[in-house]
Amino acid sequence: MKTETNRSMGYYGTGTHLFNDGWEFAKQPLFTSCEEVKQHPEVFVPVGLPHDWLIFQGTDLYENGTGWYRKRFVYRPGEDEIAFLRFEGVYMDSVIYVNGERAMEWKYGYSTFEVPLADRLKDGENEIMVSVNFQSPNSRWYSGAGIYRDVWLKVVKQTHLVSDGSYISVRPAGNGSWEMEISTEGIFRQKGEIRYTLTERESGKAMPLDEKGAGEFVVETRGQEGIQTITNTVAVPKVKCWSVEHPHLYDLKTELYLEGECVQAERDTIGFCTKEFRPDQGFLLNGSKVKLNGVCEHHDLGCLGAAYNHRAMERKLEKLKAMGVNALRLTHNMFAPDVMELADSMGFLVVSEAFDMWERPKNPYDYGRFFPEWYPKDVASWVRRDRNHPSLILWSIGNEIYDTHVSERGQEVTKDLMREVRIHDPRKNAEITIGSNYMPWENAQKCADLVKVAGYNYSEKYYDEHHKKHPDWIIYGSETASTVQSRGIYRFPYSQSVLADVDEQCSALGNSTTSWGAKSSEACVIAERDHAFSCGQFLWTGFDYIGEPTPYHTRNSYFGQLDTAGFPKDSYYIYQAEWTDYRKHPMVHLFPYWDFNEGQLIDVRVCSNAPLVELFMNGRSQGTFEIDHAHGSEKELSGHWQLPFEPGEITAKAYDEYGNEIASETRYSFGEAEKISVKPDRTVLKADGRDLAFLEISMEDRDGHPVENATSRVFVRVSGNGYLAGLDNGDSTDREEYKTISRRLFSGKLLAVVA
């Protein structure tokens, strides 16, 4: 057993060790060399990883610079041991130095890579230095900068299992049994054994790996040089299937034994399910049609920036799950590996995307500079790392790739990328796709004809024509919506479209749309609902994200159904009404808030997943509205009233088909803010330096009613062992710092993140 004391003395032992502590950081002018920064050791300050240096300068999120990281540690090599340094993500153009010598470079900011440390580490104190060049513009959205994901020190024997060398595929074998094909890569310089065990995650129950009930499958290895691949098929009887409603998981443990001792153990998440795409039916999971009610997501975490945090991402996915989302398109790059684990355990289907550009760049300093030389390495890293996850359904090799439109060269690159994916996923654990906004044109259609699973960005109007013209294509909306809204901001009347205004906000009433996007949230629902052959759609986006602030030049986007702080906008509930079942989770939502000038004519909207809603003002019924979810038009999916404002309250009630009230919501007129309300999502944190609490701060009037348009400034102080990790109000126009002690509320809310 390796204790923390042992590690501090340098005795790590075989295994994979989190390597996030003890780092120092120095922000320097762009292209500052290793020699130059070593002349000024005093510039380094302690930091913890993951670390995004740009989020600490909220008024200048795209400043050019080179970030230097340094870690000194004691290492005592064990007998016959070698080590690797594993980076889950460094943005971008990084170089790693070990004890003063250049060990490796890695260009792409999103893919995982390993640095071999054999013959580079010495017995005693060692120094790792990492340079990260951030040269702007290099992205269409906020990327962050630095070592923004976890780092691991991996120690193995000379005879070892290769990283990401497990490749597992499952298929039904009849009578409730499944076949599991396991390929294991390793360098086996001496004879040994590989032992496989399968455990049900929820119960901890060991599963039999053959019809005779054996709980362990053993394979002998031969001693020889080079990488060997050992492939076997085992039978697994009576397992529970993985689905979005019931994401049953199993853990496959692969152990390497040498001379009777376990020297290495690796774990893979397994879910038993079938995934199939059919041109006339769309997507089938376990033989049943499942519409992909999806969202696109960028990787930033609001006031935490790009620095990855498990709890922050889990909170995001919890809110999306409650909305009715069952699928994620990870745009437009590889995410942290933990996101795939979360998707597995929470029941999301994933389109994993690699690139936003190929050979033709979209920004002067983006990955297009490196693509021709580096894409095989990045595809290998991407596919090998994530190919076993049950949540994975598609490998997306590109988004809105100009190369596919401008010339036939795009078809050649499409074939190259497809070939690279299939080198590492030959058994097709996932199909290959492209998300394209060029589908009306010939060259892009030729690329779509190669992958056969065609993603359409804002091109639903071509579905019928292309389905008839290409009956072998699988069609889905890789990007839809792009409606814009600011939480809690309303422009009247609802009938008048308003995209831009002097306050640089967009109306959340449902009347702010872009030229290329959908007419409304309801139009997105209907376009997908009425095309049975389409697999589904991915809204742009689930959450607002930093950068790309259409239609203004502010800080955040306006596209999300939730803002960057994670507070839902009204459109969130419109989709929830169509993507959830009132028999399981009845809901009703009315908007806007209820505090205007007396007599002012106010558009009041009500959405619900129930078949009937009724609106009350100060106890008086304003009438009912029947919602035809299956066949209704754009104006028939939510109730709409115009009422002259009078102080008091409005209430929406939802009824089932028998007239029983199953949900209600009330909004009150409010006075001046007199009391601060704080609602934490949890009151106890794990003392691991990684857990977080999210506190919703709002204002109440003297009667306890929420002041829904409050803009009060709040100061936040954390005492005890915790600290304030960031403040976010979701206001795209607010350029105040994220890492500060005070912010203004926006539309009555502020988020404080405590670690």
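Residues numbered from 1 in each chain as written. Predicted model: local features only at pLDDT ≥ 70, side-chain atom pairs only at ≥ 80, totals over all residues. Heavy atoms only, no water.

Participant: I would appreciate a short explanation of the confidence of the model for the protein chain in the present structure.
Facilitator: Here the protein chain averages 97 in pLDDT, while 99% of its residues score no lower than 70. Counted against residues more than four places away or in other chains, residues 1-5, with its pLDDT under 50, gives 5 contacts. (pLDDT = per-residue confidence, 0-100. Contact = heavy atoms within 4.5 Å.)

Participant: Before we go on, may I ask you to explain the pattern of salt bridges in this structure?
Facilitator: Two side chains bearing opposite charge may form a pair once their charged atoms approach each other closely. Considering all chains together, one arrives at 59 salt bridges under this definition. For R690, the salt bridge goes to D150, with nearest N and O atoms at 3.0 Å. One end of the pair, R690, is in the loop between β37 (675-680) and β38 (693-700); the other, D150, is in the loop between β9 (124-134) and β10 (151-157), with 540 residues separating them in the sequence. Taking the relative accessible area as the measure of exposure, D150 reaches 8% and is therefore buried. In this structure, the salt-bridge partner of K291 is E528, at a minimum N-O distance of 2.4 Å. Within this pair, whereas K291 is found in the loop between β21 (288-289) and β22 (292-297), its partner E528 is found in helix α10 (residues 521-529), the two being separated by 237 residues in sequence. (Salt bridge = Lys/Arg side-chain N within 4 Å of Asp/Glu carboxyl O. Helix = DSSP H or I, 4+ residues; strand = E, 2+ residues; numbered from the N terminus. Buried < 20%, exposed > 50% of the residue type's maximum accessible area, 1.4 Å probe, protein only.)

Participant: Sorry, what's going on with the sheet that holds strand β42 (residues 749-754) here?
Facilitator: Consider a sheet: its strands pair through backbone hydrogen bonds, and that pairing is either parallel or antiparallel. Here 4 strands make up an open sheet; going across it, the order is β37-β38-β42-β40 and the pairing antiparallel. If you trace the sheet from one side to the other, it starts and ends with β37 and β40 (724-728), each paired once. Ignoring strand direction, the axes of neighbouring strands in this sheet form an average angle of 25°. Pairing between β37 and β38: 6 bridges, direction antiparallel. In the sheet register, I676 faces β38, and the bridge partner there is M699. (Pairing = 2+ DSSP bridges. Axes fitted to C-alpha atoms, helices over the stretch in contact; angles between N-to-C directions.)

Participant: Looking at this structure, how should I read the side chain of Q57?
Facilitator: Mapping Q57 onto the fold places it in the loop between β3 (45-47) and β4 (65-75). What makes Q57 buried here is its relative accessible area of 13%. Within the structure, Q57 has its side chain in polar contact with the side chain of E63 (distance 2.8 Å). For Q57, the contacting residues outside a window of four places in its chain are K27, E63 and E737. (Polar contact = N/O pair within 3.5 Å; in protein donor to acceptor, adjacent residues only side chain to side chain.)

Participant: What should I look at first to understand the packing of helix α5 (residues 371-386) against helix α7 (residues 409-424) in this one?
Facilitator: Packed helix pairs are characterised by how far apart their axes lie and by the angle those axes make with each other. Packing of α5 against α7 brings their axes to within 9 Å, and their N-to-C directions diverge by 35°. By crossing handedness, the relation of α5 to α7 is classed as right-handed. Mapping the contact onto sequence places F371, Y375, P376, V379, A380, W382, V383 and R384 in α5 and V413, D416, L417, E420, V421 and H424 in α7. (Left-handed = near helix turned anticlockwise from the far one by under 90°.)

Participant: Where do I start with the packing of aromatic side chains in this structure?
Facilitator: Each aromatic ring pair is characterised by the separation of its centres together with the angle its planes make. Across all of its chains, the model carries 40 aromatic pairs by this definition. Between Y490 and Y593 the ring centres are 5.7 Å apart and the planes differ by 70°, which places this aromatic pair in the edge-to-face class. Of the two residues, Y490 sits in the loop between β28 (474-481) and α10 while Y593 sits in the loop between β30 (588-591) and β31 (601-608), which places them 103 residues apart along the sequence. Residue class for Y490 comes out buried when judged on its relative accessible area of 12%. Against the face of Y738 rests R555, its NZ or CZ located 4.1 Å from the ring centre. (Phe/Tyr/Trp six-rings, centres within 6.5 Å; stacked < 30°, edge-to-face > 60°. Lys NZ or Arg CZ within 6 Å of the ring centre and 35° of its normal.)

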